[in-house]
Structure formats: structure tokens, C-alpha cells
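Structural description and commentary
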Amino acid sequence: MPNTTDVRIDPVTNTLIREGVESVINPFDAYAIEEAVRLKERLGGKVTVLTMGPPQAETALKEALSLGCDEAVLLSDRKFAGSDTWATSYTLAAAIRKLGGFDAILCGKQASDGDTAQVGPGISTHLDIPQVTYVKKIAEISAAGALVERMTEEGYDSVETPLPCLFTVVKEINTPRLPSLKGLMKAKSAKITRWTADDLGAEPEALGLDGSPTRVINIFTPEPRKGGELLKGATADVAGELVELLKDIVM
Amino acid sequence: MAGSITIFLDRCNGCTLCVKACPFDAIHMANKKAVIDMAKCTLCGACVEVCELNAIELKKDAGVKKDLSLYKDVWVFCEQKKGVIQSISFELLGEGRKLADKLGVKLCAVMLGSAVESRIAELAERGADKIYIADHPALQSFQDDPYTEVLVKLAEEYLPEIILCGATVIGRSLVSRVAVRLNAGLTADCTALDIAEKERLLLQTRPAFGGNIMAVIITPNHRPQMATVRHKVMKEAAIDKARKAEVIRKNYPDEVMKSRTRLVDIVAEIEETVNLAEADIVVSGGRGLGGPENFAMIRELAKTLNGAVGASRAAVDADWIPYSHQVGQTGKTVVPKLYLACGISGQIQHLIGDEGRKVPDPRFQGE
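Per chain, the residues get numbers from 1 upward, laid out in the order the sequence is written. All chains are assigned letters beginning at A, and all ligands numbers beginning at 1, according to the order in which they are written. Residue-level local features of this predicted model are given only where pLDDT is at least 70; pairs of side-chain atoms are given and counted only at 80 or more, and the full residue set underlies all totals for whole chains, interfaces and linings. Hydrogens are left out, water is left out, and the side-chain values use all remaining heavy atoms of the structure.

The next subject is the overall build of chain A. Segments assigned H or I by DSSP are reported as helices when at least four residues long, segments assigned E as strands when at least two residues long, and all are numbered from the N terminus. Scanning chain A from N- to C-terminus turns up seven helices and eleven strands. For every residue, the accessible area obtained with a 1.4 Å probe (protein chains only) is divided by the maximum for its type, and the residue is called buried under 20%, exposed over 50%, and partly exposed between those limits. Burial status across chain A gives 50% buried among its 251 residues. For chain A, restricting intrachain contacts to residue pairs at least 6 apart in sequence, the fraction spanning at least 24 positions comes to 66%. Just so you have it, chain A exposes about 12000 Å², and 53% of that area is on carbon and sulfur atoms. Contacts between residues were defined by any pair of non-hydrogen atoms, one from each residue, lying within 4.5 Å. Here the open area of atoms and residues is found with the Shrake-Rupley method and a 1.4 Å probe, where only the protein chains shown may cover a residue.

Turning our attention to the overall build of chain B. When you go through chain B residue by residue, the secondary structure sums to ten helices and 21 strands. Residues classed as buried in chain B amount to 56% of the 367 residues present. Intrachain contacts of chain B at a sequence separation of at least 6 include 66% that bridge at least 24 residues. On chain B, roughly 15700 Å² of surface is accessible, and the fraction owed to carbon and sulfur atoms is 53%.

All names here are of chain B. The biggest cluster of nonpolar side chains holds 32 residues, and the ones touching the most others in it are Val74, Leu93, Leu123, Ile131, Leu164 and Leu193. Where this core is concerned, the elements lending two or more residues are strand 5 (74-78), helix 3 (87-103), strand 8 (107-113), helix 4 (120-125), strand 9 (130-135), strand 10 (162-166), strand 12 (192-196) and strand 15 (225-229). When residues in this core are grouped by element, the largest group, seven residues, is from helix 3. When neighbours within four sequence positions are excluded, Val74 is seen to be in contact with Gly96, Leu99, Ala100, Leu103, Val105, Lys106, Leu107, Cys108 and Ile162. Counting 30 residues, the second-largest nonpolar core is a separate cluster that includes Cys108, Val110, Ile170 and Leu182. To form a nonpolar core, buried Ala, Val, Leu, Ile, Met, Phe, Trp, Tyr and Cys residues must be joined to one another through side-chain atoms within 4.5 Å.

Another aspect to go through is the pairing of strand 19 (residues 308-311) of chain B. Residue and element names in this part refer to chain B. Residues Ala308 and Gly310 point to one face of strand 19 and Val309 and Ala311 to the other, with burial holding for every one of them. A pair of strands is considered paired only if DSSP assigns at least 2 bridges between the two. Note: strand 18 (residues 281-285) against strand 19, four bridges, orientation parallel. Opposite Ser284, over in strand 19, you have Gly310 as the bridge partner. Note on the crossover from strand 18 through helix 8 (residues 295-304) to strand 19: the handedness is right-handed. Handedness of a crossover is defined as follows: with both strands directed away from the viewer, a clockwise route from the first strand across the helix to the second makes it right-handed.

A residue counts toward a patch only above 30% relative accessible area and without a salt bridge, and it is joined to like-charged neighbours within 9 Å or, for Val, Leu, Ile, Met, Phe, Trp and Tyr, to nonpolar neighbours within 5 Å. We define a salt bridge as a side-chain nitrogen of Lys or Arg found within 4 Å of a carboxyl oxygen belonging to Asp or Glu. Together, Leu181, Leu184 and Met185 of chain A give the surface a local cluster of nonpolar side chains, amounting to about 340 Å² of exposed area. As for its position among the elements, Leu184 of chain A is in helix 5 (residues 181-189).

Residue and element names in this part refer to chain A. Contact geometry for helix 3 (residues 85-99) and helix 4 (residues 119-127): axes closest at 8 Å, N-to-C directions at 55°. With respect to helix 4, the axis of helix 3 lies oblique. Crossing of helix 3 over helix 4 shows right-handed handedness. Contacts between helix 3 and helix 4 involve Thr85, Trp86, Thr88, Ser89, Tyr90, Leu92, Ala93, Ile96 and Arg97 from the former and Val119, Gly122, Ile123, His126 and Leu127 from the latter. Think of each axis as a best-fit line through the C-alpha atoms, taken over the contacting stretch in the case of a helix, with angles from 0 to 180 degrees between the N-to-C directions. Should an angle fall under 35 degrees it is called roughly parallel, over 145 degrees roughly antiparallel, and 65 to 115 degrees roughly perpendicular, with every other angle called oblique. Two helices that cross are described as forming a left-handed crossing if the nearer one is turned anticlockwise from the farther one by less than a right angle, and a right-handed crossing if clockwise.

Among the nine residues that make up helix 4 of chain A, eight are buried, leaving the element largely enclosed by the rest of the structure. Those residues of helix 4 of chain A not exposed but buried are Gly120, Pro121, Gly122, Ile123, Ser124, Thr125, His126 and Leu127 of chain A. Residues of helix 4 of chain A that are buried in the fold lie against helix 3, strand 5 (104-108), strand 6 (131-142) and strand 9 (165-169) of chain A together with helix 6 (169-182) of chain B. Just downstream of helix 4 of chain A lies Asp128 of chain A, where phi reads positive at about 55°.

All names here are of chain B. Here, expected helix span is obtained from the residue count minus one, scaled by 1.5 Å. For helix 3, which comprises 17 residues, the first-to-last C-alpha distance of 25 Å matches the rise-based estimate of 24 Å (1.5 Å per residue) to within 8%. Within helix 3, 13 of the 17 residues are buried, which leaves it mostly tucked inside the rest of the structure. Two residues or fewer past helix 3, Gly104 is found with a positive phi of approximately 70°.

Residue and element names in this part refer to chain A. The strand order across the open sheet built from three strands is 3-4-10, with neighbouring strands paired in parallel fashion. Here the strands that pair on one side only, and so sit at the sheet edges, are strand 3 (48-52) and strand 10 (193-195). Averaged over neighbouring strand pairs, the angle between their axes works out to 20° when direction is ignored. Sheet strands in contact with helix 2 (residues 58-66) are strand 3, strand 4 (71-75) and strand 10, and its direction is about 165° off that of strand 4.

To continue, consider the environment of Asp77 of chain A. All names here are of chain A. In this fold, Asp77 is placed in the loop between strand 4 and helix 3. In this structure the C-alpha to C-alpha distance between Asp77 and Ile105, which are 28 residues apart in sequence, comes to 23 Å. For Asp77, the contacting residues outside a window of four places in its chain are Thr196 and Ala197. Nitrogen and oxygen atoms within 3.5 Å of one another constitute a polar contact, given that in protein one can donate a hydrogen and the other can accept it, and given that sequence-neighbouring residues count only through two side-chain atoms. Of note is the side chain of Asp77, whose polar atom sits 2.9 Å from the backbone nitrogen of Lys79.

Planes of paired rings set the category: under 30 degrees apart is stacked, over 60 is edge-to-face and the rest tilted, where pairs are Phe, Tyr or Trp rings (Trp by its six-membered ring) whose centres lie within 6.5 Å. All told, the structure shown has five aromatic pairs over all chains when counted by the stated rule. Consider the rings of Phe142 of chain B and Tyr147 of chain B, whose centres lie 5.1 Å apart with planes at 75°: the pair is edge-to-face. In this structure, Phe142 of chain B and Tyr147 of chain B share a single accessibility class: buried. One aromatic cluster is present, formed by Trp75, Tyr132 and Tyr158 of chain B through successive ring pairs. For a lysine, the NZ atom is tested; for an arginine, the CZ atom; a charge sits over a ring if that atom is within 6 Å of the ring centre and within 35 degrees of the ring normal. In this structure, Lys98 of chain A packs its charged tip against the face of Trp195 of chain A, placed 4.9 Å from the ring centre. Sitting over the face of the ring of Tyr156 of chain A, Lys136 of chain A holds its NZ or CZ atom 4.4 Å from the ring centroid.

By themselves, these observations are geometric and do not establish any function.
Printed below as a string of C-alpha cells:
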């Protein structure tokens, strides 16, 4: 995904400035990568990182490799263009099937550009495996299953699941490490597998715009928020003034 | 055919309006003519709109037409926790009423739970014409498998044209699965909903790219049209005690109720009684507070105002307060009428967390 913290709007044309915006790891996915690498370090196994995107998404995959992932796969094809969350999750699920067996799939809880939180659950549905979303802690995990804590509005649920299972994770689950020098060297020379639609053996009508039930029909820039009013002066005066202003707001 | 986009080079005068309009940076100029990079183009059509010479043609393939006229009614998935209907459900019933009236169809509430019979009247009072109830011990608390299975079964039998659901932890997990199973379109976090009456299409407006742009999304050839909406974006339906609704009770065999996951425990963590995501007043603290001990002032003020306590990422990262209080891009989205930010610089990632706010926030600077 594009680095959204860098998104700026051109004040003249009201469009996004994408020039020079690099492809980065979605901040939420960084927690998923870290958790996967930690599971590998504890239990053994292999971490494969997978993304769908334009060729420049390789940079993000290399970053993932430098953080301890073993293999990286990029799904890149013009036929994937225009995918909504239905088609995206279908495509990723097809690639996961092609990769073969797995014990757990970890996803960030959502992307910070689209914010939908729909792709993870979509993948688990296409693969027909159980899921636990918003996981903030993997308390126990073994071949038999896992006990995890799933964040709720009020606190958390403790949930038991068999494996394979798909987890979407929240920030609280860990603190991602920085890439090591060794990792960076490894990532630099690592080969990234690139698969196209043909490689996946997927139904062409389920890919890209064809496979997407939703259509964007209009894009517009929201009215910029009106600037606030800055009250200046001695704290006591300003506080009084503010209280008067707040009185007008019906709570 | 996914559809195609063509530039008629004889009409293009190199004005670059399309280059500026493209939200995906997919158009550049070569020899004073526009060129589209198909690796980046999503066929959104923004360039077609701005081209004054009609030099860009977008063909969107309609795909196989389903008989969409079989689909009727607006459904609202009504979330209950421990038997209590969540306020987001009433907000969606309020919005659903408007959509159902525009379409001339019924507004239906769907509730899954255990021993929720006594809650039916509440849904009728909030405007539901019809109520679908699945009452079973396995549905007492949300688990992905049985909830998905039951909602899919209901939708396959009764064919709703629209399903609305709260963009809550439960809602997002549930309808994302249901939409894939039903091969339906799903749009997350809508901030406005409307109906294109002639085409009977749900017009879904949602922020994209962290709220920097807004997108209007439709589901032309699939039904149901599904959308999630966050807390407090829509107005709650008014209560009309005289209203009655038709109730349809559904029972399903045990295999539908099976869950691969098992709920072991439900733990409440938030100290105060006010739910941050729904609070009308939020008092937040950041790194500028200087230390964890000063959160006592934030808590006291929040308590006095009957508000909730929020925090910036910096304060959470410093372990001054649990993550459940974090407001912003990597935390919670809040929709208060009054947001008091203390010791918070107001980085964009923090501001994204209160998109729905109705009034400007007083931000205290200096001492």
C-alpha cells in the first residue's frame, strides 16, 4: 500500500500527491509479521509473506524479509487491477492454496489506506477455515490449537480455536523489531516469487474489477475542516471565555 | 472483460486535467497526449469526469445480470451483547427507515441471540416493520461460525436488497464473511447512505486514504448491497411505543450452530462506564502531560464531565495508560461532541481518530 502518513493533497488541484510516495508495509501488518516471526522462533517452521500489489510492492516485501520472514510472494498482474475486498481476498486465498499447507495465517486488523478490515475475514471464508479477529495476544499455541485474546469494545474475549486458523492482529499484540544488519543483507539478495493470475489458476471472472461486486463511481475531496479559533491571553480569562463558548454547545 | 479505458488521441489536447484528477497517479503526458498506466489504473472514472473534450472513454462491463428484482427490503443486523441491544443498532434502524421509505420496502431487524424474546418490542418501537429472530443457546455471544451461517441462511431464504451493520468488532468480522459467502458487495465505514431511486442502488459514501478523499461506491449487479457504519454517524431512530412488527422466528438444525472456535471467557477492561467509541465527551492526554501520574487529572475531568478517557499513541507507547484508551489511526475512532486534548500535539494520525466530530476541539497549549 502507499504510505498514507505521507499523503498530501495538492491545494490547487485537490488531488492526492503520490509522487515519490513509497510502497511500505501497512502499519498494522507490521504487527502480524512480528507475531509470525516470534511464533517461528518459538515453535520452528517457516514464515511466508504474501501481498498483492504493483511491482513496487517488492520494497515492502523485502522489508518483511529483513524482519525475519523466510519467503516472499508478490501477486502482481494487471488482471488484479480494480479489485475490491471480495476479489482481493479471493486472490490472496488462491495464492495461499497454491503455497500448500499452513498452520496459521496472520493479517493486520486493517489497512491504513482502505481501513475496511474485510480482507482477512474474506480470506478465511474463501479458505473455509476458522478465524479470530482483533487478536491482542496469542496466549497458547500448539499443533492442536490456540488460545487467544480478542479485543472487544469493552475489553477482550478469550477464544479457543483449532489450527489452521486465520488471525487478524491489533497493535497491542507486540512491539515490532527493527531489521537486523544480517536481515537487511539477506533481504537485499533475496529472490521474491512473483505470481500472475495465470500462476494462480484462479477463475478469471473472480479477479480484479470483474470479480468485484462494488464500483467506485465518484471520488471527491471532503470540504476542509474550518480552522478553529485560538483564544489568547491569561489562563483565567481564556478559561472563562472558553466556558462561555462551550455553553452554546448543546450536549 | 473487466472493462476498458481508452484515450482518443485525436481529441486529447494535452490539457493535463486528467493527470491532476487521477487519484491513483496513473496518468502522465507523453508527446502532449495523456497516457494511462494500466498497472495503476483502477477504472474509477475520475479522469472521464474532468475531460472537457470527451477524449476518454470508460467501458465498464456489466457482467452477468442476476434477477435483482427478487431482492426486497432493507435489513439491519441488530447487535446484542449479554442480551442488550447495542445503540448502533438503533442508529442503523433510523437510517434504514429512510432508505426503506425511498425504496418503498419494509425495514427489517435481524437479531441473533439466546433468550432475546423480551427484546423484540424494542426493535419494533425503533421502526422495524419485520423482525427476524434466531434464538439459540449457541448464539448467546458472538462466534464467527454460527453467526455467519445463520445470517447467510436468512439472507438466502428472504433475499434482502440491503443489509446494514455496525462497523463494530463483531460487525466487521461477521459481515465480511457473510458478504463473501453471498457474493455480495460490502462497503465499510460509510459516512453517508442514499438511494438512487431509478436504479434502486444504494449510494455509499466513505472516506478513503485516511479521510483525505471521499469515495461514492455502488454495487451494481450483486445483491444484497451490504454496508457497515460506525458509531454515532447516523441518528438513532425515535421511539414509538405504539409500533408493532411482524416477527419471524427461525430455528436451524444443530449443524448450523456449530462453531470451530470456542468462547472461553469475556473480560471487561475499560474502567469507566462510558464507552470511548460512543462517548459524547472525550478527555484525552498525551506526552505533554509529562508523566503517568498526571493522567489522574484527565480521569478526574472526564469523570466530572461524564466523559471517557482517551490518549495519544505517545502516551500509550510510554505505558502511561492501556492501549484500549488510544485514539487515532492505530487506536480507536471516537465521535464526541466535545474533544478535550491535553498535552497532545495533534499529529494527523491522532486527528484521523475523530473524523465524526461535530464541533472544533479546544486544544490547550502552553501551561
